[in-house]
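# Structure assessment
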Amino acid sequence: MTRRLLFFFSLIAFATPQFISQIAQQQPQGFGTIRGTIVREGTTEPIPDVPVSITGRGGMTAQEAQALLTAVGRGGALGANVPAEVLQNAHEAAKGGQALSAVSDRDGQFTITNVPAGQQTVRAQLEGYFMPMANGTYPPSVPQQVNVTAGQTTNLRISMVAGGTITGRVLDPAGKPISEASVQVLQQGYENGVQRLQLADLKQTDDRGEYRLYRLAPGEYYVAASPRPALLGLGGSPPTNSQEAQVSTFYPGVTEPSSATRIRLRPGDDLGGIDIQLRTTTVGKVSGRVTTTAPVGPIVGQGPRGQARNAGIVLVSTSTNGLMSFDVANAVTLNPDGGTFEFQNVAPGTYDLIARLPAMRGGGWGPQAPPDVATGPWVFGRTSIDTRSGNLENIAIVVRPGVDVKGRLLLDGKPIRANARITLLPDNANPQIGDQQTSLVFNQIRQYAAPIADDGAFTIPQIPEGRYRFQVVLNATAAAARGAASAVRPAQTACSGPTSRRRISSASSKGGGPLGASSRCFPS
């Protein structure tokens, strides 16, 4: 969020007729024309068919315009003091500039007429083209500031960078092509402060085992291929204690990203011959039992069409290789009160086993709501395992009621409440959790903003066992007036027992995104 927008929000909340009059005086009078040319960076080669739009009207961005319209919509004296011209500009800006747009012709040229005078933002965006590198990345659109003078034409030149293409084949261990194999291209990135590979694109091989990854931003990539689920030994294969199975493999034919070859893709590159021959590995078995200390809830949902609520356990990879999992057998159904489980054909690696059982009303988080209003709540148990040494048996997982995480939020030693937001993020939340209900519950926890009392006290209720990270964001009016958002870095903390109490004492820091620290909850 920009400093200008923060300042705008802080002022609009206390808008007066004098303030509205000031806005009106700032609105430029008259209209001009923007004429431009779009070319490939470093050349005069035109780029046709590029959509170009104005993202702000009358000096207002779309966000500022929407804030003004929302304030006016609340009624009262405010609406009566907004000039019609200001409202019209706000309505146009709120549309995201759709009314002011053009498409470049075969010569890369475009013209936008009837542009309100003043500073405007022109945005060009076309799939497969990118903004020249900024801060180490290639953004997917090119914004450019321009000052429009009434009755005159403003000329500008926009440069864009062409994306690249990576092609190759996927082969089985015998050198035969594999159709319908999934090919993923990944880049180094950070998630919750931890460096890991992140998915950039995903395609499937054709009937000849060939793939084509196109319209990629310039940069360095890793390419990996995964066999069809049936080739993983999961599609009806007989249960065995151990067997060989094909596994996800990085180019040029390794199973660990640390041994993989990075592919450097330059603007406009068409790199071929990136062939991957899948490796095999010995897979094993993971088995054990789930028990519970929590009251077991109903196994049928509420309402006349209540559906069965099947308990289950899911095997989640904790690897940071960034690969999407296509293992369709990583979830097993349980009895409502737990019971035995077994996973076949588990590749060597580190995993979390997360068990989910139905809870009583108010006894846990639901897939769509926190505990106090959840209509289909669940309770969870979790343990971490390492299968790199072979089969694992007799694993015990205990499902327990969640932990209430309680604490106080302090800024420079003083309680804070106004415009503060505190959330608890699952530290190793894996977007590939192969169980929809479990994934939805952890998404609810991630989105929950705990109410904060006048003394800074907060409670995040019934958190399942796991590793978490506090995230605190300040967006106070005072910070907006200074023209910068504030973020808080919580002290590291751990929570234990049925109720965990924490005091988060922090110093503020200007700019940047929200900061966090790791924590772990252990229900007793």
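The structure under discussion appears in the preceding block.
These lines cover the structure that appears in this document, whether it is placed above or below.

### Notes on unusual backbone geometry
- With an omega of 15°, the peptide bond between Tyr 251 and Pro 252 qualifies as cis.
- Its location among the elements puts Pro 252 in the loop between β17 (249-250) and β18 (263-265).
- Backbone geometry at Gln 462 places phi at a positive 50°, although glycine is not the residue there.
- Mapped onto the fold, Gln 462 is located in strand β31 (residues 457-463).

### Digging into the sheet that holds strand β1 (residues 31-40)
- Reading across from one edge, β6-β1-β10-β8 is the order of the four strands in this open sheet, with mixed pairing throughout. Only two strands of the sheet have a single neighbouring strand rather than two, namely β6 (109-116) and β8 (129-130).
- Examined bridge by bridge, β8 and strand β10 (residues 153-162) share two bridges and lie antiparallel to one another. For Tyr 129, the partnering residue across the bridge sits in β10 and is Ala 162.

### Notes on helix α6 (residues 436-447)
- Over its 12 residues, α6 runs 17 Å from end to end, which matches the ideal 16 Å to within 8%, given 1.5 Å per residue.
- Among all positions in α6, only Thr 438, Val 441, Phe 442, Gln 444 and Ile 445 are buried. Down the axis of α6, the buried set is contained in an arc of 150°. They therefore lie on one face.
- Those residues of α6 that are buried lie in contact with β25 (350-358), β26 (378-386), β30 (420-426), β31 and β32 (466-474).

### Describing the nonpolar core
- Residues Ile 422, Ile 460 and Ile 463 are the most contacted members of the largest nonpolar core, which totals 28 residues.
- Taken together, the elements giving at least two residues each to this core come down to β22 (311-317), β26, β28 (403-411), β30, α6, β31 and β32.
- Filtering out sequence-adjacent residues up to four positions away, Ile 460 remains in contact with Val 403, Asp 404, Val 405, Leu 424, Tyr 448, Ala 450 and Phe 470.
- Ranked by size, the runner-up nonpolar core spans 21 residues in total, among them Ile 38, Ala 124, Tyr 129 and Val 148.

### Section: the environment of Gln 109
- Summarising the element assignment, Gln 109 is placed in strand β6.
- For Gln 109, a relative accessible area of 43% corresponds to the partly exposed category.
- Along the backbone, Gln 109 and Pro 46 are 63 residues apart, and their C-alpha atoms lie at a distance of 7.9 Å.
- For Gln 109, the contacting residues outside a window of four places in its chain are Gly 36, Thr 37, Val 103 and Ser 104.

### Examining the sheet that holds strand β2 (residues 51-54)
- Spatially, the four strands line up as an open sheet ordered β5-β2-β7-β9, and their pairing is antiparallel. For this open sheet the edge positions go to β5 (101-103) and β9 (142-148), each flanked by a neighbour on one side alone. Within this sheet the neighbouring strands show an average axis-to-axis angle of 20°, counted without direction.
- Where β2 and β5 come together, three bridges link them in antiparallel fashion. Residue Val 52 lies in a different strand from β5, and its bridge partner there is Ala 102.

Cut-off values and rules
Residues numbered from 1 in each chain as written. Predicted model: local features only at pLDDT ≥ 70, side-chain atom pairs only at ≥ 80, totals over all residues. Heavy atoms only, no water. Helix = DSSP H or I, 4+ residues; strand = E, 2+ residues; numbered from the N terminus. Pairing = 2+ DSSP bridges. Expected span 1.5 Å × (residues − 1). Buried < 20%, exposed > 50% of the residue type's maximum accessible area, 1.4 Å probe, protein only. Arc of directions from axis to C-beta. Contact = heavy atoms within 4.5 Å. Core = buried A, V, L, I, M, F, W, Y, C linked by side-chain atoms within 4.5 Å. Axes fitted to C-alpha atoms, helices over the stretch in contact; angles between N-to-C directions.

The quantities given are spatial measurements derived from coordinates; they are silent on function.
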